[in-house]
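A structural walkthrough
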Amino acid sequence: MSVLQLASRRDMFVELSLFRESYYSCLSARADAFFELTDALLCSDAPARKPVELSLTAEHQRGYGSLYGALNHGRLDTDLLRDLLAELPRPRFEGRIVLTVDVSPWLRSDAACSPERLFCHVHGRSKSSAQIIPGYPYSFVAALTPGRTSWTQILDAVRLGPADDAAAVTAHQLRTVVGRLIAAGQWRDGDPDIMVVLDAGYDVMRLAHVLADVPVELVGRLHSDRVLRLPKPAHVYAPKGGRPPKHGPRFKLADPTTWPEPAATTWNDTVRYGKANAMAWDRIHPYLTHRSAWIDDDGELPLVEGTLVRLKVDHLPRDRDAPPVWLWSSTIGLTAADVDFMWSCYLRRFDLEHTFRLFKQSLGWARPRLRSPEAADRWTWIVIVAHTQLRLALPLAVDQRRPWEKTSPANVALTPTRVRRGSRNIRPHLPSPARAPKPSRPGPGRPPGIPNRHRATRHDVGKTAKRPETLIERDRVRPQRSQP
C-alpha cells in the first residue's frame, strides 16, 4: 500500500470520527440510546427485520426499552444534521453537483391507529398490478455519484403530510438544500448551476418557475403524450391588427410531423444501450392555463422556456425494446456537449432506486411498526446516518464476500452491503461518545389479568386539503380562507 493510500485511509478515519462526534451533538434527549441504536444498525450482519433484534447486538449495550424510548420520546435536531450532511465531501460530475429528488413510501396498511397516513402509489411488475396502499410517503434529496455505481449521498428527507402540496414541499426542500450547500461552501459564484434531475411524476416546469431565483438547472422527464409550444415567430403579419401571438405552433411529442429542425443533434456509442441519438429543440415551453397547479396565480401566466431533448437508444439491457425518452431542461441555448452531459446525468437518477432498496431490504427502514409519525421520522434519520457512515467507511472496508459471491474487482467500489459487513471491524478504531449504561430496574407495567381500557384512536387515511379544480371553486373558497 502506497503512502498516498495510507494518507487517504487516515483522512477517512478522521472524517468518519468527526462525523460521529458531530452526529452525537445533534442528539439531546435519549442521546446515548440513539447513538448505540445507530451503531447496532450499522454493524448488524443480517438484514434488520425488527428494532428489538438490534438490542441483542454487542454494539447496543442497553435494553430494548431504551431503544423504543429513544424512538418514541427522543429528540434529534434535524436542522443541525442537515447542515452536517451538507458539509461532507460532495461527488461531482466534471466539477458540477448533480442532485435528484424522489418519493419512497413506508407502507402501513394495517396501522389504523397511526395518524397522518396517505394513500401511496406502489408500482408493480406491470401496469395492471399497481396498487394504492396507505403509508407514509417520504421525499428524499440525494447527491448522485458519477459512474455506474449504487452509491448516493442522502442530504434531506421530509415526510409528506395530509395537508401538504407535493410540489410546494419539493420546491421548499430543494431551496433549503441548495441554500445549505451554498452556506457550506460547496457552491460559489461563478460555478455552474447545480443540476437537479427529476422523474415524470414532477411538474418540472412549475418547479423551474418557482426556483427561478435559485442557481439550479432542472432536468425532468416528460410523458410522451405532452403537447408543448414552439417559440413565437420573429415577425408575424397581422392584417387585422390585434395583439401579437405569445406562443408558436404546437409541438406534439407523439407526432413527428410537428417537429421542426432540431437545434442540436448528437450521436454516441454506449456500452449498455448501443447507439444513442439525442435531438434538442430550444425555447420550448408549455401553454399554461389557470388550472391545476396554476389555479391560484392571478394575472398573466409566465412563459417558462427551456430545452426539449429526445433521447433514443438502440436497446435496453437484455436486448429489450427502448422507447424514446423526452427530457426538458430549464436552461436555454444548450450546445451539443451540454445536451450529452444532461441526458448522461439523468441516467444516473436510477441509482437512487438502489439506495431505496438498501434502506428497505438491508437497513430495515420500513420494518418497524411505530405508531406515531414522529417516531417514524426519527427512525428515518437513523437509517440516513447509518448509510452516511457506510459511505464514509468505503475506503476503509475490506471485502468479506461469502463463498458463493463473486470477487469484487480491484478498481470497483464495494457495494453498501459489503461495506456493512466490515463495519464491525472498523468500529473499535473509532471514538464512541456514548456513555456507559447505568443499571436500572424495569417498571411494574400493567398488572396481570387487567386488560387495557384505553383504546387507541383510529384515524382516517388521505388528504385533508383539496385543491380547487375550477376558478369558480377557487373564488368560492378564498373568502372562507380569509376568515380568522
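Please read these numbers as outputs of a predicted model, since none were measured by experiment. (Residues numbered from 1 in each chain as written. Predicted model: local features only at pLDDT ≥ 70, side-chain atom pairs only at ≥ 80, totals over all residues. Heavy atoms only, no water.)

Next up on the list: the overall build of the chain. Counting secondary structure elements, the chain contains 13 helices and 12 strands. A compact globule built from 484 residues should have a C-alpha radius of gyration of about 23 Å, and the chain, at 26 Å, falls within 12% of that. The principal-axis extents of the C-alpha atoms in the chain amount to approximately 90 × 65 × 45 Å. For the chain, buried positions account for 46% of its 484 residues. (Helix = DSSP H or I, 4+ residues; strand = E, 2+ residues; numbered from the N terminus. Rg over C-alpha atoms; globule rule 2.2 N^0.38 Å. Buried < 20%, exposed > 50% of the residue type's maximum accessible area, 1.4 Å probe, protein only.)

Moving on, we get to the environment of Thr 145. The topology assignment puts Thr 145 in the loop between β3 (131-143) and β4 (153-159). Taking the C-alpha atoms as reference points, Thr 145 and Arg 349, 204 residues apart in sequence, are found 9.5 Å from one another. Of note is the side chain of Thr 145, whose polar atom sits 3.2 Å from the backbone oxygen of Trp 151. (Polar contact = N/O pair within 3.5 Å; in protein donor to acceptor, adjacent residues only side chain to side chain.)

This part covers the pairing of strand β1 (residues 98-107). Of all 10 residues in β1, 8 are buried, a share of seventy percent or more. Summarising the sheet, β1 and strand β5 (residues 194-198) pair through 3 bridges and their orientation is parallel. What sits directly across from Thr 100, in β5, is Val 197. Where β1 and β3 come together, 9 bridges link them in antiparallel fashion. Looking across to β3, one finds that Val 101 is bridged to Val 141. (Pairing = 2+ DSSP bridges.)

Attention shifts here to the pattern of salt bridges. Pairing between side chains of opposite charge can happen when the charged atoms of each approach one another. Per the counting criterion, the structure on display carries 24 salt bridges. A salt bridge links Asp 39 to Arg 20; its shortest N-O distance comes to 3.0 Å. In this pair, Asp 39 is assigned in helix α2 (residues 31-43) and Arg 20 in helix α1 (residues 3-25), connecting sequence segments 19 residues apart. For Arg 20, a relative accessible area of 0% puts it in the buried group. In this structure, Arg 349 engages Asp 199 in a salt bridge whose closest nitrogen and oxygen atoms are separated by 3.7 Å. On the criterion of sequence distance, the pair formed by Arg 349 in the loop between α8 (336-347) and α9 (351-361) and Asp 199 in the loop between β5 and α7 (204-210) is long-range, its members being 150 residues apart. (Salt bridge = Lys/Arg side-chain N within 4 Å of Asp/Glu carboxyl O.)

Turning to helix α5 (residues 78-86), its buried residues number three or more, namely Leu 81, Arg 82, Leu 84, Leu 85 and Ala 86. At the N-terminal boundary of α5, the capping side chain belongs to Asp 77, with an oxygen 3.3 Å from the backbone nitrogen of Asp 79.

To continue, consider the side chain of Glu 405. Structurally, the position occupied by Glu 405 is in the loop between α10 (373-392) and α11 (416-421). Given a relative accessible area of 18%, Glu 405 falls into the buried group. In this structure the side chain of Glu 405 is engaged in a polar contact, spanning 2.8 Å, whose partner is the side chain of Arg 421. Not counting the four nearest positions on each side in its chain, Glu 405 is found in contact with Arg 418 and Arg 421. (Contact = heavy atoms within 4.5 Å.)

A word on the pairing of strand β12 (residues 325-329). Across the 5 residues that make up β12, a large majority, 4, are buried. Of the strand pairs in this sheet, strand β6 (residues 216-222) and β12 are connected by 4 bridges, and their pairing is antiparallel. Counterpart to Arg 221 in the pairing with β12 is Leu 327. Note: strand β11 (residues 306-313) against β12, 5 bridges, orientation antiparallel. The partner of Arg 310 across the bridge, within β12, is Trp 326.

Moving on to α9. Looking at α9, one finds that the buried residues are Asp 351, Leu 352, Thr 355, Phe 356, Leu 358 and Phe 359. Along α9, the residues classed as buried sweep out an arc of 160° about the axis, all on the same side. (Arc of directions from axis to C-beta.)

Low-confidence regions, as indicated by low pLDDT, have predicted coordinates that should not be scrutinised in detail. The pLDDT averaged across the chain works out to 88; a share of 93% of its residues lies at or above 70. Within the chain, the lowest mean pLDDT, 63, falls on helix α13 (residues 471-482), and the highest, 97, falls on β12. (pLDDT = per-residue confidence, 0-100.)

As for its position among the elements, Val 313 is in strand β11. Through-space distance from the C-alpha of Val 313 to that of Glu 36 is 48 Å; in sequence the pair is 277 residues apart. Those residues in contact with Val 313, other than ones at most four positions away along the chain, are Tyr 273, Lys 275, Ala 276 and Ala 322.

Another aspect to go through is a positive patch on the surface. On the surface, Arg 148, Arg 272, Arg 318 and Arg 320 cluster together to form a positively charged patch. Structurally, Arg 318 is set in the loop between β11 and β12. Classification of Arg 318 by relative accessible area gives exposed; the value is 82%. (Patch = residues over 30% accessible without salt bridge, like charges linked within 9 Å, V, L, I, M, F, W, Y side chains within 5 Å. Areas by Shrake-Rupley, 256 points an atom, 1.4 Å probe, with all protein chains shown as cover. Lys, Arg positive; Asp, Glu negative; His and termini not counted. Charge placed at Lys NZ, Arg CZ, Asp CG, Glu CD.)

This part covers the nonpolar core. With 61 residues, the main nonpolar core has Tyr 23, Leu 41, Trp 106, Phe 140 and Trp 379 as its most contacted residues. If one sorts the elements of this core by residue count, α10 sits on top with 11 residues. By size, the runner-up hydrophobic cluster in this structure holds 42 residues, among which are Leu 222, Leu 228, Ala 293 and Leu 308. (Core = buried A, V, L, I, M, F, W, Y, C linked by side-chain atoms within 4.5 Å.)

In this structure the tally under the stated criterion is 15 aromatic pairs. Summarising the aromatic geometry, the rings of Phe 251 and Trp 281 are spaced 5.1 Å apart at their centres and angled 65° between planes, so their arrangement reads as edge-to-face. Note that Phe 251 is positioned in strand β8 (residues 250-252) and Trp 281 in strand β10 (residues 274-284), a separation of 30 residues in sequence. Note on accessibility: Phe 251 and Trp 281 belong to one class, buried. Here the aromatic rings of Tyr 346 and Phe 350 are separated by 6.0 Å at their centres, their planes lie at 80°, and the arrangement is edge-to-face. We classify Phe 350 as partly exposed; its relative accessible area is 39%. In textbook terms, an aromatic cluster arises when at least three aromatic residues are bridged by ring pairs, as seen for Trp 106, Tyr 138, Phe 140, Phe 356, Phe 359 and Trp 365. Against the face of Tyr 136 rests Arg 159, its NZ or CZ located 5.9 Å from the ring centre. (Phe/Tyr/Trp six-rings, centres within 6.5 Å; stacked < 30°, edge-to-face > 60°. Lys NZ or Arg CZ within 6 Å of the ring centre and 35° of its normal.)

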